[in-house]
Each structure stands twice: as structure tokens, then as C-alpha cells.
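Chain by chain, the residues run as shown.
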Amino acid sequence: MAEAVQKARVVRGRSRSSPRPFGALVWALPPIAALILFFLYPLALVVQQSFHPDTGGTSLQPYADVFASEGFRHALWTTVWLALASTAGCLVLGFLLALVIAFVPFPGAKAVARFIDVYLSFPSFLITLALLFIYGTTGIVGSFQFLTTPWGVLLAEVTYFTPFVMRPLLAAFSQLDTAQLEAASSLGARAPRIVRRVILPEALPALAAGGSLVLVLCLNEFGIVLFTGAKGVTTLPMLVYSKAILESDYPGACVVAVVNVLISVGLYGLYRVVSRRAGA
Amino acid sequence: MLVHSRKAKWAVWAVFLLLFLPLFALPLLVVLGASFATHWSGVLPSGLTTAHYRSATRGEALQALTTSLVTAVTASLLALATGTWAALAGAALKKRHRRVLDALFVLPVAVPSVVVGLSVLVAFSQPPLLLNGTRWIVIIAHTVLVTAFAHQSVSAAITRLDPAYEQAAASLGARPAYVLWRVRLPLLLPSLTAAAGLCFALSMGELSATMMLYPPDWTPLPVLIYAATDRGALFTGSAVAVVLMAATLLVLFVVSRVRTRASYR
């Protein structure tokens with residue numbers, strides 16, 4: 001008996017902090033090695049290419065060329081404002097829709113929540129494909145060039161990414177104690193006031209987490225922009241693709257890639273810090 | 001709960017439907033409708049036909065479907081193995097080391113997939129590993145992109161695992177390998193299958209990295225859909241897109257059956 005207790009204590013000790021830290025580290029090495037070989041090493045090569053192209057010489061010339069070009073500055077601006085506007089749209093729309101599903105439930109609200117989960121497993125370009133039929137040149141609405149403007153991309157991004165905000169929100173709302181709402185309501189608070197003073201503070205962590213995830217995904221979105229076929233809308237991922245594949249300008253593509261990675265990883269790091277602090 | 005009067009409730013639901021249906025249901029319905037049509041200039045599609053499906057299920061399209069399925073299954077299994085291994089190894093590490101490991105494995109989510117494609121292309125177009133032009137370069141890129149999601153969901157499941165089971169097994173004399181195989185992995189099975197389904201769906205719809213590196217003899221479905229729409233064959237493209245969605249949903253459904261059977265054990 002005493003031996004069993006002793007052993008159990010040892011086991012528990014191992015699951016908290018290993019008595020053999022070296023062994024645990026060795027076990028972690030194979031997946032890390034695979035990650036380094038297939039992800040970090042290729043990424044390092046991209047950074048190296050951006051400073052030291054195959055054509056020879058180490059210089060900041062590719063950076064100077066890219067930053068000086070009108071196309072790059074335009075793409076950078078388009079990417080950032082599209083991502084910010086899409087995120088804002090997704091947050092507002094996602095909050096409203098999740099609010100109705102959670103607090104004004106109707107028959108079939110569960111099915112709608114299930115539908116949103118399914119929706120997340122479809123690729124983003126399907127939305128643009130559908131919009132091509134609705135707003136395209138031979139489409140339902142008619143032949144105005146809505147889709148080739150940034151507004152078409154904005155509509156597609158808001159449509160596709162809103163469920164990414166709704167899912168964490170619905171999870172947060174399901175943990176909210178409804179007694180709080182009843183209490184506020186019985187004290188005479190109207191619905192807008194309850195939303196503002198009771199529900200919104202509870203939803204803030206989920207909103208922050210979902211919003212920053214959507215911001216990063218929008219900055220990196222490629223399929224939606226590619227499918228619009230719009231020459232007028234160029235985002236950073238699109239620029240990487242066209243420089244590398246269409247123009248075979250690898251140093252230029254690598255420079256744009258480095259800038260894009262810096263923006264996205266910086267924001268994603270911020271997201272991790274925010275969501276950890278929020279306990280999500 | 002929030003809105004009490006009957007009238008206000010109906011108003012809220014009407015607004016909900018007005019927002020929800022056009023934004024989320026309409027796109028899928030439009031793609032579905034277009035896949036059966038030859039013209040769409042009015043409100044409803046016209047010239048109903050199943051010819052697009054006949055061409056979407058044979059020849060080039062059938063080959064693309066096989067390509068997508070093989071790529072997605074291979075990539076998800078590889079990603080699941082790597083992600084689960086990393087999550088299990090990470091759970092045994094000290095907190096400081098574990099955070100480094102977690103950060104390393106979520107990094108592919110934050111890096112744009114186009115850049116992942118570019119970097120894989122740059123790295124494996126030169127010795128020592130010359131993979132450019134083979135199917136493996138596509139599979140590697142997909143694996144890198146989905147491993148992060150596998151790792152994230154499995155490591156979240158490990159932290160929720162009740163340690164009492166493995167402690168009981170270990171106290172009865174089971175070796176660590178036996179505890180892992182007979183206790184921890186069966187308990188993790190529901191989240192493992194969920195992670196596999198997620199990885200599969202993501203890989204089936206992956207377009208950005210694939211566009212950077214697909215060889216001519218290894219064209220997955222999304223690339224085919226893009227090629228069709230790019231040359232103006234929107235209706236054929238929608239039929240292929242419906243095939244893609246149906247294949248994804250079918251596999252997800254099968255995977256979710258595995259999950260429910262496991263949770264009854």
C-alpha cells in the first residue's frame with residue numbers, strides 16, 4: 001500500500017515537472033527537427049534570398065527597389081485597410097448574429113450553429129465564386145464592376161470570416177450565467193442596456209481573440225483575391241504570387257514575403273498574448 | 001431571455017434572417033444552382049443540365065479529385081502524427097520549454113500560406129533535397145500548413161485529460177509505453193479524430209500554397225476550379241466546387257462517426 005502511494009506520488013510528480021528533464025527533451029526533438037527541416041529552414045532561405053539573391057552580392061538593393069515601387073506601397077496599404085475593415089465588419093456582424101442565436105433563440109438555432117461549423121470547413125474561394133454569379137458581368141444583379149473593386153473583396157472577406165468570430169462568441173455566451181440577465185431585466189434594464197452593461201463585458205475576451213485571429217487571416221488571405229481576378233486589387237500575398245510565379249522575380253517576392261510575415265507574425269503574437277491574458 | 005415582447009422577438013428574428021440568409025446561405029445555394037445551369041442572367045439559373053457533373057466526375061476532374069484526396073489524407077496523417085507527438089512530448093516538458101515548443105508549432109498559422117509555399121519552393125528546388133516537380137512538394141506544404149492545427153487541438157485536449165487514469169495505470173505497474181498506448185491515446189481518440197477531420201478539410205480546400213508549387217501532373221481540385229473560372233467556365237467550375245464540398249463533407253461525416261463510437265466506449 002505504502003509503495004503504491006509512493007509510486008503514485010512519483011508519477012504525479014512526473015506529469016507536473018519531469019524528474020528526467022533530459023529524457024523529455026530528447027522525446028521532443030524529432031518533431032522539432034521535422035519542423036526545422038520543413039518550415040524554419042525554408043523560411044530562413046527566403047530571408048536569406050531577400051538579402052543575398054542568387055544573382056550575387058549581399059545588399060539591401062532588393063528592399064530599396066521594392067519599397068520604392070508604387071505597386072508595393074499600394075498593395076501594403078490595400079492589404080492593411082482591407083484587413084482592418086473586414087475585421088471590424090466581422091466583429092459587428094458576428095456579435096449581432098451570435099447575440100440572437102444565444103439570447104433570442106428560435107426553433108432551428110442549434111441547426112444554424114451547426115451550419116456555421118460546417119461553413120468553416122469550406123475553402124474561402126467558394127464565396128468569391130458565388131459572388132461572381134451574383135455581381136459578375138453576366139450575373140444576377142447585372143454588369144457593374146463591383147467585384148473588381150476592393151469593396152467586392154471586403155464583402156467576400158466579411159462573409160467568409162464572420163463565422164470565425166461567432167464560434168468563440170457562442171462558446172463564451174453559453175457559459176454566461178443567465179441569472180445575471182434576468183436580474184438586470186427585473187431591475188428594469190432594457191435590452192440595449194443589458195447588452196452594453198452585462199453581455200459586452202463578458203464577451204470582450206472572445207471578441208478580442210476572434211477579432212485578432214480574423215485580422216491575421218485577412219492579412220494572409222489569397223484565394224478570395226485571386227478569384228475576383230481584379231487587376232485593381234493587389235494585396236501582399238497576391239504580390240508575392242505574381243512576382244514569384246508570373247514574373248519569376250524571386251528576390252522581389254522574398255522581400256514582399258518577409259514584410260508580410262513580419263506584419264502577420266507580429267499581430268499573431270499580439271493575439272496569443274491577448275488571448276492568454278483573457279484566459280481563452 | 002433578452003427580448004420579452006412577442007413583436008420585438010419577431011422583429012429580431014426577421015433582421016437575423018435578412019442578414020444571415022443573403023450572407024451565408026445564398027453563396028452556397030448560388031454555387032449549387034449554377035452547377036446545374038448553363039445560363040444565369042435573370043434571378044434564377046436557366047438551361048438546366050447535368051452535363052457539368054458528367055465532366056466533373058471523369059477525366060481531368062476525376063484525377064484532380066483523387067489527387068486532392070491522396071494529398072489531404074497523407075498530409076493529415078503526417079500532420080496528426082507530428083502534431084500529436086509534439087503535443088505529448090510538450091506535456092512532459094517544463095513550463096518554460098513547453099511554451100517555446102507551443103510557439104514554434106503555432107507559427108505556421110501566422111505565416112501567410114503563400115509565403116509557406118514560396119519558402120518550400122525555394123528550399124526544395126535546390127540540393128540536398130530536390131523535390132520540385134514531384135507530388136511530395138505539395139504534400140510537404142500541406143503538412144506544414146495543417147500540423148499547427150493538429151498540434152493545437154491535441155495539446156488542448158491533453159491539458160483537459162484527467163491525470164487520475166494514467167496515475168492509476170502507472171501505480172498498477174504499467175510501463176510508460178503501455179500507459180500511452182492503452183490509456184492516454186484511447187482517451188484522446190475523440191480529439192484525435194476531430195483534429196484529423198479539421199486537417200483534412202483544410203488540406204482539401206488549400207489553394208494559396210498549392211498555386212505556388214503544384215507540378216503539372218499533380219493538380220488538386222482547388223487549382224482545377226481556379227483554372228476553370230479563369231478561362232470563363234464558371235458553371236463547370238461550380239460543379240467541380242460542389243464535388244469538392246461533397247467529398248469534404250462525406251469524409252468529415254465518416255470521421256465524426258468514428259468519434260461518436262469512440263466516446264461510447
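Only a predicted model underlies this, so the values are computations on that prediction, with no experimental measurement involved.

Undergrad: Can you break down the overall build of chain B residue by residue, with the values?
TA: Within chain B one finds 11 helices and 0 strands. For chain B, the α and β elements follow one another from N to C terminus as α-α-α-α-α-α-α-α-α-α-α. Taking the principal axes of its C-alpha atoms as reference, chain B extends roughly 70 × 70 × 30 Å. Burial analysis of chain B (265 residues in total) assigns 46% to the buried set. Of the contacts formed within chain B by residues at least 6 apart in sequence, a portion of 73% connects residues at least 24 apart.

Undergrad: Just give me the short version of the overall build of chain A, but keep the residues and values in it.
TA: Each helix and strand in chain A was counted, giving 12 helices and 0 strands. Secondary structure elements in chain A, listed N-terminal to C-terminal, are α-α-α-α-α-α-α-α-α-α-α-α. Looking at the 280 residues of chain A, the share that counts as buried comes to 42%. Within chain A, contacts between residues separated by at least 24 positions form 76% of all contacts whose residues are at least 6 apart in sequence.

Undergrad: Lay out the UniProt feature "transmembrane region" (unreviewed entry) in chain B in plain terms, naming residues and giving numbers.
TA: All names here are of chain B. Annotation from UniProt places "transmembrane region" (unreviewed entry) at residues 61-88, 100-124, 136-158, 187-214 and 234-255. Between the end C-alpha atoms of residues 136-158 there is a gap of 31 Å, over a span that is 100% helix and 0% strand. Each end of residues 234-255 is marked by a C-alpha atom, and these two atoms are 31 Å apart; helix forms 100% of the span and strand 0%.

Undergrad: Pulling in residues and values, what's your account of unusual backbone geometry?
TA: All names here are of chain A. Residue S248 is not a glycine yet carries a positive backbone phi of 55°. Its location among the elements puts S248 in the loop between α11 (236-246) and α12 (250-278). Using a count of 9 C-beta atoms within 10 Å as the deciding quantity, one classes S248 as exposed.

Undergrad: With reference to specific residues and values, describe the UniProt feature "domain: ABC transmembrane type-1" (unreviewed entry) in chain B.
TA: Mapped onto the present numbering, the UniProt feature "domain: ABC transmembrane type-1" (unreviewed entry) falls at residues 65-255 of chain B. The distance from the first to the last C-alpha atom of residues 65-255 of chain B is 19 Å, and the span holds 82% helix and 0% strand.

Undergrad: Break down the packing of helix α3 (residues 59-91) of chain B against helix α8 (residues 176-204) of chain B for me, with residues and values.
TA: Residues and elements named next belong to chain B. Close contact between α3 and α8 brings their axes to 8 Å; oriented N to C, the two are set at 140°. The orientation of α3 relative to α8 falls into the category oblique. In the packing of α3 onto α8, the handedness of the crossing is right-handed. For the pair α3 and α8, the contacting residues are S68, T71, A72, A75, S76, A79, L80, G83 and T84 in the first and L192, A195, A196, C199, F200, S203 and M204 in the second. Looking at the contact of α3 with α8, its residues break down into 10 nonpolar, 6 polar and no charged.

Undergrad: Break down the nonpolar core for me, citing the residues and quoting the values.
TA: Grouped together as the largest cluster of nonpolar side chains are 165 residues, with contacts concentrated most on V240 of chain A together with L118, C199 and V240 of chain B. Counting residues per element, this core draws most heavily on helix α9 (residues 191-220) of chain A, at 14 residues. Setting aside residues no more than four positions away along its own chain, L118 of chain B makes contact with V46, V240, A244, A253 and A257 of chain A together with M212 of chain B.

Undergrad: Outline the environment of A168 of chain B, listing residues and values.
TA: All names here are of chain B. Structurally, A168 is set in helix α7 (residues 163-171). Given 15 C-beta atoms within a 10 Å radius, A168 is considered partly exposed. Considered as a pair, A168 and V179 are 11 residues apart in the sequence and their alpha carbons are 9.7 Å apart.

Undergrad: Describe in detail α8 of chain B, supporting the description with residues and values.
TA: Compared with an ideal rise of 1.5 Å per residue, which puts 29 residues at 42 Å, α8 of chain B spans 36 Å between its outermost C-alpha atoms and falls more than 12% short. Residue L189 of chain B marks the point of greatest curvature in α8 of chain B, where the axis turns by about 55°; the proline P190 of chain B follows within four residues.

Undergrad: Lay out the confidence of the model for chain A in plain terms, naming residues and giving numbers.
TA: Residues and elements named next belong to chain A. Taken over all residues, the pLDDT of chain A has a mean of 81, while the share at 70 or more is 85%. At the low end of the mean pLDDT range in chain A sits helix α1 (residues 2-16), at 44; at the high end sits helix α4 (residues 70-103), at 91. Within the model, the stretch residues 1-18 combines pLDDT values under 50 with 15 contacts to residues more than four positions away or in other chains.

What counts and how
Residue indices begin from 1 for each chain and proceed along its sequence in written order. Here chains are named by letter from A upward and ligands by number from 1 upward, in the order in which they appear as written. In view of the model being predicted, local features appear only for residues whose pLDDT reaches at least 70, and side-chain atom pairs are presented and counted only at 80 or more, with totals across whole chains, interfaces and linings using the full set of residues. Helix and strand definitions follow DSSP, with helices as H or I runs of at least four residues and strands as E runs of at least two, each counted in order from the N terminus. Between the buried cut of 20 or more and the exposed cut of 12 or fewer other C-beta atoms within 10 Å of a residue's own C-beta lies the partly exposed class, and all C-beta atoms are placed from the backbone. Placing a C-beta atom from the backbone of each residue, one calls two residues in contact when those atoms lie within 7 Å. UniProt positions are given in the numbering used here, feature names are shortened, and annotations may be inferred rather than shown by experiment. Axes here refer to lines fitted to C-alpha atoms; in helices the fit is confined to the stretch in contact. Angles between the N-to-C directions go from 0 to 180 degrees. Roughly parallel refers to an angle under 35 degrees, roughly antiparallel to one over 145, roughly perpendicular to one between 65 and 115, and oblique to any angle outside these ranges. Left-handed describes a crossing in which the near helix is turned anticlockwise from the far one by less than a right angle; the clockwise case is right-handed. Classification used: nonpolar for Ala, Val, Leu, Ile, Met, Phe, Trp, Tyr, Cys and Pro, charged for Asp, Glu, Lys and Arg, polar for all others including Gly. Joined through C-beta atoms within 7 Å, a set of buried Ala, Val, Leu, Ile, Met, Phe, Trp, Tyr and Cys residues constitutes a nonpolar core. Any helix carries an expected span of 1.5 Å times its number of residues minus one. Think of it this way: the bend at a residue is just the angle between two axes, each fitted to seven residues, one set ending at that residue and the other starting at it. Confidence scores here are pLDDT values: one per residue, from the predictor, ranging 0 to 100.

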